[in-house]
Structure formats: C-alpha cells, structure tokens
Amino acid sequence: MRKLTVYGASWCPDVKRSRALLDAGEVEYDYIDVEADEAAEKAVRELQGGNRRIPTLVWPDGTHLVEPTDPELTAHLDGR
C-alpha cells in the first residue's frame with residue numbers, strides 16, 4: 001500500500017512544522033525534496049496549476065493539502 005507523500009524543501013519552516021506533526025503522530029510518509037527531484041517539482045506544479053507551494057501533502061487516494069495549518073492537517077488525518 002502506498003503512503004502519504006510529503007513534498008517540501010529542507011529550508012522551509014512550514015515543511016518542518018508539518019513533518020513534526022506527522023512524526024509526533026507516528027504517521028508514515030515518504031518525504032521528497034522538490035529542489036533535489038525535478039519530477040517531484042513537476043508533480044507539485046501540476047497539482048497546483050503551475051505553482052510550487054510547499055509543503056504539499058498527497059494521500060494515496062489522490063487527495064492533497066497545500067501549505068496546511070496544523071488544525072487543517074490534523075482534521076485531514078482524523079478523517080482518514
């Protein structure tokens with residue numbers, strides 16, 4: 001079964017915050033750095049109509065969140 005995928009960059013505080021929330025909840029995910037992976041950057045831009053906002057979190061069912069707040073991310077996790 002595929003996991004949640006988190007697209008981000010190491011310098012981004014929002015990425016660090018979202019990953020910390022996921023880690024604290026012991027949520028399994030794959031992390032992909034959009035600055036090191038051109039295909040990942042392209043995937044993010046396709047989801048966002050050309051933008052590259054991070055973090056972008058994509059669930060196996062295709063749902064995704066872009067730059068979620070902690071309450072938004074928690075609500076999505078609680079609904080899974």
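Residues numbered from 1 in each chain as written. Predicted model: local features only at pLDDT ≥ 70, side-chain atom pairs only at ≥ 80, totals over all residues. Heavy atoms only, no water.

Q: Would you mind showing me how to read the packing of aromatic side chains here?
A: Aromatic ring pairs: the centre-centre distance and the angle between the two ring planes describe each pair. Applying the stated rule across the entire model yields 0 aromatic pairs. A cation sits over an aromatic face here: Arg19 above Tyr31, 3.8 Å from the ring centre. (Phe/Tyr/Trp six-rings, centres within 6.5 Å; stacked < 30°, edge-to-face > 60°. Lys NZ or Arg CZ within 6 Å of the ring centre and 35° of its normal.)

Q: Is there a simple way to think about the pairing of strand S2 (residues 29-33) in this case?
A: Walk down a regular strand and you will see the side chains alternate between the two sheet faces. Where strand S1 (residues 4-8) and S2 come together, 5 bridges link them in parallel fashion. In the strand pairing of S2, Tyr7 is matched with Ile32. Crossover connection from S1 via helix H1 (residues 13-24) to parallel S2: handedness right-handed. (Pairing = 2+ DSSP bridges. Helix = DSSP H or I, 4+ residues; strand = E, 2+ residues; numbered from the N terminus. Right-handed = clockwise from strand over helix to strand, strands pointing away.)

Q: How do you make sense of H1 when you look at a structure like this?
A: An α-helical turn contains 3.6 residues, so a residue and the one three or four places further along point in the same direction. Here H1 spans 16 Å end to end across 12 residues, near enough to the 16 Å set by a 1.5 Å rise per residue. Looking only at H1, the buried set comprises Val15, Ser18, Leu21 and Leu22. When H1 is viewed along its axis, its buried side chains cluster within an angular range of 130° and face the same direction. The outward face of H1, more than 90 degrees from its buried face, is lined by the exposed residues Pro13 and Ala24. Check the buried side of H1 and you find it contacts S1, S2, strand S3 (56-58) and helix H3 (70-78). (Expected span 1.5 Å × (residues − 1). Buried < 20%, exposed > 50% of the residue type's maximum accessible area, 1.4 Å probe, protein only. Arc of directions from axis to C-beta. Contact = heavy atoms within 4.5 Å.)

Q: Just checking my understanding: could you explain the pairing of S1 for this structure?
A: Extensive coverage of S1 is indicated by the burial of 5 of its 5 residues. Of the two faces of S1, the one carrying Leu4, Val6 and Gly8 and the one carrying Thr5 and Tyr7 are both buried. Relative to S3, S1 is paired through 3 bridges, and the arrangement is antiparallel. By the bridge assignment for S3, Thr5 is matched with Val58.

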